Amino acid sequence: MLDIDVIVSDFDGTLLDDNKQLPEQFPALLHALTQRGIRFIAASGRQYYNIRQQLPDGMADRVDYIAENGAITVMDGSICSVDEMPAADIREIVRTVRSTPGCYPILCGADCAYFENDFEEMRFHCNMYYARLQLVDDVLDTIERDRICKIAVFNSHNAEHTSYPALLPFADRMQVALSGDCWVDVMNASVNKGAALHSLLERMGVPPERCMAFGDYLNDIQLLQAAGHPYAMENAHPQLLALFDHTAGHNNQAGVLHTICRELEITV
């Protein structure tokens with residue numbers, strides 16, 4: 001049995017199934033982990049307030065958070081860090097996004113997310129990942145009223161081959177993360193889920209070798225590298241599967257839950 005103090009899991013494609021549902025037995029698992037003194041961290045590119053919505057029935061207050069791909073961390077219900085982006089960088093990235101056909105910016109702040117292109121598909125995807133969301137005439141007008149810590153770029157066709165290449169020129173001085181089929185996230189260079197996990201583990205006084213981590217996409221690479229016991233999902237991006245020896249089953253078969261139960265000898 002593994003000796004674990006912290007478990008961290010990505011959400012979409014990892015803990016959640018393809019219908020964006022938690023495993024039915026997750027509340028029982030979270031209770032069992034709490035009884036053992038094991039902390040659970042939800043790590044996602046999603047907005048913090050949106051992640052909380054995915055954890056009903058009092059679960060949200062028993063979980064710590066890595067949100068916005070690491071730009072925001074929350075522990076014991078209090079925001080620990082918001083890695084705000086410089087205004088000049090935000091303006092430059094937004095200009096690039098606006099000039100790339102089929103790509104649309106969402107500015108993600110500590111208080112709210114802001115978008116300026118209101119059409120059905122855009123709103124559908126934004127509502128999926130943002131609990132606090134505001135339509136504005138110009139996203140750049142929000143820089144002065146919120147701490148913008150991430151720019152999410154939506155492209156409905158194929159982000160890996162459209163918005164991602166368009167934004168790669170910024171990768172020498174910023175973090176450019178392919179975070180889903182439709183999404184690329186741009187943040188400060190030091191921001192990623194792995195750096196956020198390292199910071200939270202230090203606050204908790206937990207060494208990496210006592211941490212399990214689960215992920216499925218390229219924005220989870222640093223997260224898994226930061227944990228002593230990393231697991232790539234069976235359904236993970238091929239590049240992720242090539243980097244890590246251990247897999248955790250498929251997200252549609254509650255792979256995270258079953259792996260935790262097996263490795264920690266928990267019955268739920």
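Up top you'll find the structure we're talking about.
Asker: Just to check I follow, could you spell out the sheet that holds strand E8 (residues 133-135) for this structure?
Answerer: Where strands meet in a sheet, backbone hydrogen bonds hold them as pairs that are either parallel or antiparallel. Judged by pairing direction, the sheet is mixed, and its six strands sit side by side in the order E8-E7-E6-E9-E11-E10 without closing on themselves. This sheet does not close on itself; its edge strands, each paired only once, are E8 and strand E10 (174-178). Each strand of the sheet is rotated relative to its neighbour by a mean of 25 degrees, with strand direction disregarded. The strands touched by helix H5 (residues 120-129) are strand E6 (104-109), strand E7 (113-115), E8, strand E9 (148-154) and strand E11 (183-188); relative to E6, the strand with the most contacts, the crossing angle is about 25 degrees.

Asker: Help me out: how do you make sense of the packing of aromatic side chains in this one?
Answerer: For any pair of aromatic rings, the description consists of the separation of the ring centres together with the inter-plane angle of the planes. Across all of its chains, the model carries seven aromatic pairs by this definition. For the ring pair Phe154 and Trp183, a centre distance of 5.3 Å and an interplane angle of 55 degrees mean the geometry is tilted. With a gap of 29 residues between them, Phe154 in strand E9 and Trp183 in strand E11 connect regions that are remote in the sequence. Look at Trp183 and you get buried, because its relative accessible area is 9%. An aromatic cluster of three or more residues is present, and its members are Tyr48, Tyr49 and Tyr65. Over the aromatic face of Tyr49 sits the side chain of Arg132, whose NZ or CZ is 3.7 Å from the ring centroid.

Asker: In this structure, what is going on with the sheet that holds strand E5 (residues 78-82)? I would like to understand it.
Answerer: Strand order in the open sheet formed by seven strands is E5-E4-E3-E2-E1-E12-E13, and the pairing between neighbours is mixed. The open sheet is flanked by E5 and strand E13 (229-232), the only strands paired with a single partner. On average, each strand axis in the sheet is tilted by 15 degrees relative to the strand beside it, whichever way the strands run. With four bridges joining them, strand E1 (residues 6-10) and strand E12 (residues 211-215) adopt parallel strand pairing. Along E12, the bridge assignment pairs Ser9 with Phe214. Together, E1, strand E2 (39-43), strand E3 (64-67), strand E4 (72-75), E5 and E12 form the strand contacts of helix H7 (residues 193-204), whose direction differs from that of E3 by roughly 155 degrees. Those strands touched by helix H10 (residues 255-264) are E1, E12 and E13, and its axis lies near 155 degrees from that of E12.

Asker: Even after reading the chapter, I still don't get the side chain of Asp89, so can you show me in this structure?
Answerer: Along the polypeptide, Asp89 turns up in helix H4 (residues 87-98). A residue is classified by how much of its surface remains accessible, and Asp89, at 17% relative accessible area, is buried. Residue contacts for Asp89: discarding those within four places in its chain leaves Arg173 and Met174.

Asker: Honestly, the environment of Cys182 in this entry has me stumped. Any pointers?
Answerer: Tracing the backbone through its elements, the reader meets Cys182 in the loop between E10 and E11. Residue Cys182 is classed as buried on the basis of its relative accessible area, which comes to 13%. Along the sequence, Cys182 and Tyr104 sit 78 residues apart, while their C-alpha atoms lie 11 Å from each other. Those residues within four positions of Cys182 in sequence are excluded, and the remaining contacts are His125, Val153, Phe154, Asn155, Ser156 and Ala159.

Asker: Explanation requested: the pairing of E3 in the structure shown.
Answerer: The two faces of a sheet get side chains in turn, since along a regular strand they alternate between them. Because side chains alternate across E3, one face comprises the buried residues Asp64 and Ile66, and the other comprises Tyr65 and Ala67, equally buried. In this sheet, E3 lies alongside E2 in parallel orientation, the contact comprising three bridges. Opposite Ala42, over in E3, you have Tyr65 as the bridge partner. Taken together, E2, helix H3 (residues 48-53) and E3 form a β-α-β motif whose crossover is right-handed. Pairing analysis gives three bridges linking E3 to E4, with the strands arranged antiparallel. Bridge assignment links Ala67 to a residue of E4, and that residue is Ile72. Turn length for the E3-E4 hairpin, with the two strands adjacent in sequence and antiparallel, is four residues, and the turn residue Glu68 shows positive phi of about 50 degrees.

Cut-offs and rules
- Residues numbered from 1 in each chain as written.
- Predicted model: local features only at pLDDT ≥ 70, side-chain atom pairs only at ≥ 80, totals over all residues.
- Heavy atoms only, no water.
- Pairing = 2+ DSSP bridges.
- Helix = DSSP H or I, 4+ residues; strand = E, 2+ residues; numbered from the N terminus.
- Axes fitted to C-alpha atoms, helices over the stretch in contact; angles between N-to-C directions.
- Contact = heavy atoms within 4.5 Å.
- Phe/Tyr/Trp six-rings, centres within 6.5 Å; stacked < 30°, edge-to-face > 60°.
- Buried < 20%, exposed > 50% of the residue type's maximum accessible area, 1.4 Å probe, protein only.
- Lys NZ or Arg CZ within 6 Å of the ring centre and 35° of its normal.
- Right-handed = clockwise from strand over helix to strand, strands pointing away.

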